[in-house]
Structure formats: structure tokens, C-alpha cells
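The lines below spell out each chain.
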Amino acid sequence: MVTEILVSALMDGDKVVVPQVRLGRDVDYKAANGNPLTAAGYQKFNPPTLAELRRAFFDKNPDGSWISPEYRLSVRSTRGYGEWTSTFLKDGREAIERPDNVYFDGKRNLWIAEGGKVSRVDLPPSGWTLGYDKPTGFPSITSRKRKDAEKVFGDDTSYFLAYKNGLRAVLRNFALYDYGPFVVYAYYGPGDRYSAVGVRSPRRPEQEIENHWFSI
């Protein structure tokens with residue numbers, strides 16, 4: 001039985017674009033006091049980044065085979081459910097991966113993400129995804145017409161929806177409606193809860209693992 005799913009590193013020559021990761025086979029749906037955890041609460045489990053999940057779902061080996069068929073099976077067998085990532089979107093302009101601390105600043109009445117890897121992003125409008133930015137996993141081009149995306153991704157055609165204000169937690173979802181298996185939602189706040197979205201454990205090479213702490 002497969003307990004972990006190996007996702008090989010995405011390389012550009014000698015440069016690591018997306019590091020190797022081992023993903024848990026299943027998504028866990030956790031709760032506290034009978035309520036689903038918030039998006040920020042799930043961060044203590046150090047979820048995979050959006051880039052790691054995009055790599056696992058869409059990329060192929062040189063021979064045309066999927067690099068992570070087990071991950072694709074896991075996603076496609078759980079329609080109506082999703083998984084939080086450790087990627088956040090700040091004001092629609094910055095992707096923040098694996099921040100050191102995510103908390104609510106009551107004085108300024110806003111959520112803050114401190115530390116982590118910060119990358120500039122130029123996001124398209126919400127719509128059907130035609131292409132993805134590989135270093136961040138975010139959609140890079142969209143269309144209002146589903147048929148345009150189907151020409152590129154076929155059955156993997158998926159929707160993208162983002163709110164470009166404040167700090168947004170990013171999730172991957174296989175919506176019950178016909179929005180595709182790799183819907184990228186970046187519109188929930190870190191304090192939001194979603195009972196159908198859980199967390200998938202990652203395990204990275206020892207030299208890439210850092211200590212993380214979160215204030216919820």
C-alpha cells in the first residue's frame with residue numbers, strides 16, 4: 001500500500017524550481033472543539049505549497065507518463081473535497097510560501113503573514129486556467145470560456161478564483177460543481193473555516209525542513 005507519494009524535484013538545469021517532496025496519500029480533515037480548523041490553524045501541519053501540488057497533479061515524465069499518478073488518483077477519488085496549502089496571496093501581488101507566522105493584528109484589523117518565501121505574482125482575472133506559473137503554482141493565464149481551457153487540459157480543465165485584497169489562504173479543491181479537479185481558490189481569509197477542506201502531510205529532504213511556529 002502506498003503511504004507516501006514521491007514528487008520529484010522540478011529542475012531548470014542545475015536550478016531547483018520546485019523541490020522534491022513526499023506527500024501523504026490522503027487528506028485529513030481536522031477539527032477543534034467540534035469545529036473545522038481555520039485555514040491559519042491548519043498551517044501548524046505545514047501543508048504542501050501550491051507549487052508542489054501543481055507539480056504533482058499536472059507534470060509528466062519525459063516518456064509521457066504522470067510523475068505522480070497516485071496523487072492524481074487521490075484527488076480524483078475525492079470529489080467535493082480539497083486541501084489547504086501553505087501558500088498565501090497578499091493583495092493579489094505576492095505569493096507567500098510556508099510563512100513562519102500567521103496571525104491577526106487586532107489593532108490594524110488585518111491578517112499578517114511573517115517570513116517564508118515571498119515571490120511577486122502577476123495574476124490573471126478569475127476564469128478557466130490556460131497555464132500555470134510553475135515556481136508558484138498560480139494560474140498565469142485564464143479565459144472566460146471553458147472550451148479554451150479544454151483544448152489545453154482536457155479533463156483536467158479547472159477554474160481559478162482569487163480576491164486580490166488582503167491576505168488570502170490558498171486551497172486546491174475538486175468542486176462538486178463542474179469546475180474541475182484542480183480548482184485554485186484564493187479568496188478565503190486565514191481565519192475562515194471550510195469543513196470539506198483538510199490538510200495533506202508533506203515530507204521534504206532533511207536539509208530543506210525548517211522549524212515553523214504559528215500564532216492562531
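Structural data are supplied above this passage.
This report concerns the structure included in the present document.

Parameters at a glance
- Residues numbered from 1 in each chain as written.
- Predicted model: local features only at pLDDT ≥ 70, side-chain atom pairs only at ≥ 80, totals over all residues.
- Heavy atoms only, no water.
- Helix = DSSP H or I, 4+ residues; strand = E, 2+ residues; numbered from the N terminus.
- Rg over C-alpha atoms; globule rule 2.2 N^0.38 Å.
- Buried < 20%, exposed > 50% of the residue type's maximum accessible area, 1.4 Å probe, protein only.
- Contact = heavy atoms within 4.5 Å.
- Areas by Shrake-Rupley, 256 points an atom, 1.4 Å probe, with all protein chains shown as cover.
- Patch = residues over 30% accessible without salt bridge, like charges linked within 9 Å, V, L, I, M, F, W, Y side chains within 5 Å.
- Salt bridge = Lys/Arg side-chain N within 4 Å of Asp/Glu carboxyl O.
- Lys, Arg positive; Asp, Glu negative; His and termini not counted.
- Charge placed at Lys NZ, Arg CZ, Asp CG, Glu CD.
- Arc of directions from axis to C-beta.
- Pairing = 2+ DSSP bridges.
- Phe/Tyr/Trp six-rings, centres within 6.5 Å; stacked < 30°, edge-to-face > 60°.
- Lys NZ or Arg CZ within 6 Å of the ring centre and 35° of its normal.

With that settled, the discussion passes to the overall build of the protein. The helix and strand inventory of the protein stands at three helices and 18 strands. Taking 2.2 N^0.38 as the reference for a compact globule, 216 residues should give roughly 17 Å; the C-alpha atoms of the protein span a radius of gyration of 16 Å, in line with that estimate. With the principal axes as the frame, the protein shows a C-alpha extent of 50 × 40 × 40 Å. Every one of the 216 residues in the protein was classed for burial, and the buried ones make up 49%. Considering only intrachain contacts with a sequence separation of at least 6, the fraction spanning at least 24 residues in the protein is 62%. Accessible area of the protein: about 11000 Å², with a carbon and sulfur share of 47%.

We now examine a positive patch on the surface. A surface patch of like charges, here positive, comprises Arg144, Lys145, Lys147 and Lys151. On the secondary structure map, Lys151 appears in helix α3 (residues 146-153).

Taken together, the buried positions of helix α2 (residues 69-76) are Tyr71, Arg72, Ser74 and Val75. For α2, the buried positions fall inside an angular range of 160° around the axis, keeping them on one side.

Right, let's talk about the pairing of strand β10 (residues 110-114) for a bit. Examined bridge by bridge, strand β9 (residues 101-105) and β10 share five bridges and lie antiparallel to one another. Counted as the bridge partner of Val102 is Ala113 from β10. Hairpin remark: β9 followed by β10, antiparallel, with four residues in the connecting loop; positive phi at Asn109, about 60°.

With antiparallel pairing, three strands are arranged side by side in an open sheet as β1-β4-β18. Strands with a single pairing partner mark the edges of an open sheet, and in this sheet they are β1 (4-7) and β18 (202-203). As paired elements, strand β4 (residues 21-24) and β18 share two bridges and run antiparallel to each other. Of the residues in β18, the one forming a bridge with Arg22 is Arg203.

Tallied over the entire structure, the rule returns 13 salt bridges. Put simply, Arg93 and Asp91 hold a salt bridge, and the shortest N to O gap is 3.9 Å. A relative accessible area of 44% places Arg93 in the partly exposed class. Residue class for Asp91 comes out partly exposed when judged on its relative accessible area of 27%.

Taken as a whole, this structure holds 19 aromatic pairs when the rule is applied. Ring geometry for Tyr163 against Tyr187: centres 5.4 Å apart, planes inclined by 45°, an arrangement best described as tilted. Of this pair, Tyr163 sits in the loop between β14 (159-162) and β15 (167-173) while Tyr187 is found in strand β16 (residues 183-188), placing the two residues 24 residues apart along the sequence. Within the aromatic cluster, the residues linked to one another by ring pairs are Phe57, Phe58, Tyr71, Tyr132, Phe153 and Phe182. A cation over a ring is seen here: Lys30 above Phe45, with NZ or CZ 4.7 Å from the ring centre.

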